[in-house]
Amino acid sequence: MKVRLVSSIAVACCIAYPWQWLAAAEEIKYPSPDGRFALRITQSKDDEYHPTVELIEKHSGTVSVTLHSGQEDTDLFDASEAVLVWSADSKRVAYGFRANPPGARVVERGVLVCFWNGSGFDKVFLPENLPSPRIKFPKGKEGNVKPYGGGVTPLRWLKSGELELTSEDMMLSRDDGESYTGVVRFTISFDAKHKASVKNVGKTKTEVEE
């Protein structure tokens with residue numbers, strides 16, 4: 001009888017107060033190599049562009065670090081493009097995200113790095129002036145251009161402990177109507193105190209689309 005009573009109460013609460021059951025949607029993805037941690041995205045049904053993004057312990061749901069706070073961040077944020085790149089030992093992780101509102105014509109991407117400190121993850125911010133690609137335009141086509149956006153995206157952790165990223169920039173030339181996308185790869189190194197600095201910068205590759 002007690003089991004039936006509890007079940008009846010639960011069903012009644014779900015019918016009477018559906019918003020308490022459907023107030024937020026959770027998505028857990030990008031588990032760490034050791035299976036201990038993962039990315040959790042919590043989105044309100046009424047405000048999908050102010051999500052909370054956290055690194056959690058999978059088995060307990062304990063929050064190790066909050067990457068975006070839906071309650072504190074006032075800027076619009078689309079979590080669908082969030083990505084994690086883990087190191088092999090699961091003690092370093094790079095969080096890639098779209099840094100401007102959804103629907104914006106100019107895309108901006110950013111990266112935040114976190115290091116395991118024994119009980120949680122500490123945030124490490126990358127240098128402000130990161131390498132940017134130098135797009136190669138045909139002669140006479142570089143003057144009248146319109147930016148479409150870009151930014152940095154994490155690729156992988158190297159055995160040396162450095163983080164490899166790409167920096168992308170896209171421009172539309174009004175002279176020929178073609179889109180020029182410049183991409184350059186570079187690495188970030190971290191000292192004993194996790195201070196980040198640019199290490200190696202490759203050559204820009206330019207792609208052209210009509």
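About the cut-offs
Residues numbered from 1 in each chain as written. Predicted model: local features only at pLDDT ≥ 70, side-chain atom pairs only at ≥ 80, totals over all residues. Heavy atoms only, no water. Core = buried A, V, L, I, M, F, W, Y, C linked by side-chain atoms within 4.5 Å. Buried < 20%, exposed > 50% of the residue type's maximum accessible area, 1.4 Å probe, protein only. Helix = DSSP H or I, 4+ residues; strand = E, 2+ residues; numbered from the N terminus. Contact = heavy atoms within 4.5 Å. pLDDT = per-residue confidence, 0-100. Phe/Tyr/Trp six-rings, centres within 6.5 Å; stacked < 30°, edge-to-face > 60°. Polar contact = N/O pair within 3.5 Å; in protein donor to acceptor, adjacent residues only side chain to side chain. Pairing = 2+ DSSP bridges.

1. With respect to the nonpolar core
Turning to step 1, where the next piece is worked out: Among the nonpolar cores identified, the biggest contains 19 residues, and Val53, Leu55, Leu67, Tyr95 and Phe121 are the most heavily contacted of them.
Turning to step 2, where the next piece is worked out: Within the residue set of this core, elements represented by two or more residues are β2 (37-44), β3 (52-57), β4 (63-68), β5 (83-86), β6 (92-98) and β7 (107-116).
Turning to step 3, where the next piece is worked out: Ignoring sequence-local partners within four residues, the contact set of valine 53 consists of Leu39, Arg40, Ile41, Thr66, Leu67, His68, Phe77, Ala79 and Tyr95.
Turning to step 4, where the next piece is worked out: In terms of nonpolar packing, the next biggest core, distinct from the first, is built from 15 residues, Val85, Val111, Leu126 and Ala196 among them.

2. Regarding the confidence of the model for the protein
The predicted coordinates ought not to be read in detail in places where the model reports low pLDDT.
Turning to step 1, where the next piece is worked out: Per-residue confidence for the protein gives a mean pLDDT of 83, with 81% of residues at or over 70.
Turning to step 2, where the next piece is worked out: Predicted confidence in the protein is weakest over helix α1 (residues 2-16), with a mean pLDDT of 39, and strongest over β5, with 97.
Turning to step 3, where the next piece is worked out: Under a pLDDT of 50 for its full length, residues 1-22 has, in the predicted model, five contacts with residues more than four places off or in other chains.

3. As for the packing of aromatic side chains
Turning to step 1, where the next piece is worked out: Under the criterion given, the structure shown has 10 aromatic pairs.
Turning to step 2, where the next piece is worked out: A ring pair is formed by phenylalanine 115 and tryptophan 157, whose centres lie 6.2 Å apart and whose planes are at 85°; its orientation type is edge-to-face. You can see phenylalanine 115 sitting in strand β7 and its partner tryptophan 157 sitting in strand β9 (residues 145-157), a full 42 residues away along the chain. Comparing phenylalanine 115 with tryptophan 157 shows no difference in burial state: the two are buried.
Turning to step 3, where the next piece is worked out: Taken together, a centroid distance of 5.1 Å and an interplanar angle of 70° make the contact between phenylalanine 115 and phenylalanine 190 edge-to-face. Taken together, the residues span a long stretch of sequence, with phenylalanine 115 in strand β7 and phenylalanine 190 in strand β11 (residues 179-190) at a distance of 75 residues.

4. Quick word on the environment of lysine 199
Turning to step 1, where the next piece is worked out: Summarising the element assignment, lysine 199 is placed in strand β12 (residues 196-201).
Turning to step 2, where the next piece is worked out: Lysine 199 sits 13 residues away from phenylalanine 186 along the chain, and the two C-alpha atoms are 7.2 Å apart.
Turning to step 3, where the next piece is worked out: A polar side-chain atom of lysine 199 sits 2.9 Å from a polar atom in the side chain of glutamate 162.

5. A look at the side chain of serine 90
Turning to step 1, where the next piece is worked out: With respect to the element layout, serine 90 can be found in the loop between β5 and β6.
Turning to step 2, where the next piece is worked out: For serine 90, a relative accessible area of 2% corresponds to the buried category.
Turning to step 3, where the next piece is worked out: Engagement of the side chain of serine 90 in a polar contact is seen with the backbone nitrogen of aspartate 34, the distance being 3.1 Å.
Turning to step 4, where the next piece is worked out: Aside from chain neighbours lying at most four places away, what touches serine 90 is Ser32, Pro33, Asp34, Phe37 and Phe121.

6. Thoughts on the pairing of β6
Turning to step 1, where the next piece is worked out: Taking burial as the measure, the seven residues of β6 include seven buried ones, the bulk of the element.
Turning to step 2, where the next piece is worked out: Neither face of β6 is exposed, since Arg92, Ala94, Gly96 and Arg98 on one face and Val93, Tyr95 and Phe97 on the opposite face are all buried.
Turning to step 3, where the next piece is worked out: By the bridge criterion, four bridges tie β5 to β6 in an arrangement that is antiparallel. Paired with valine 85 across the two strands is alanine 94, which belongs to β6.

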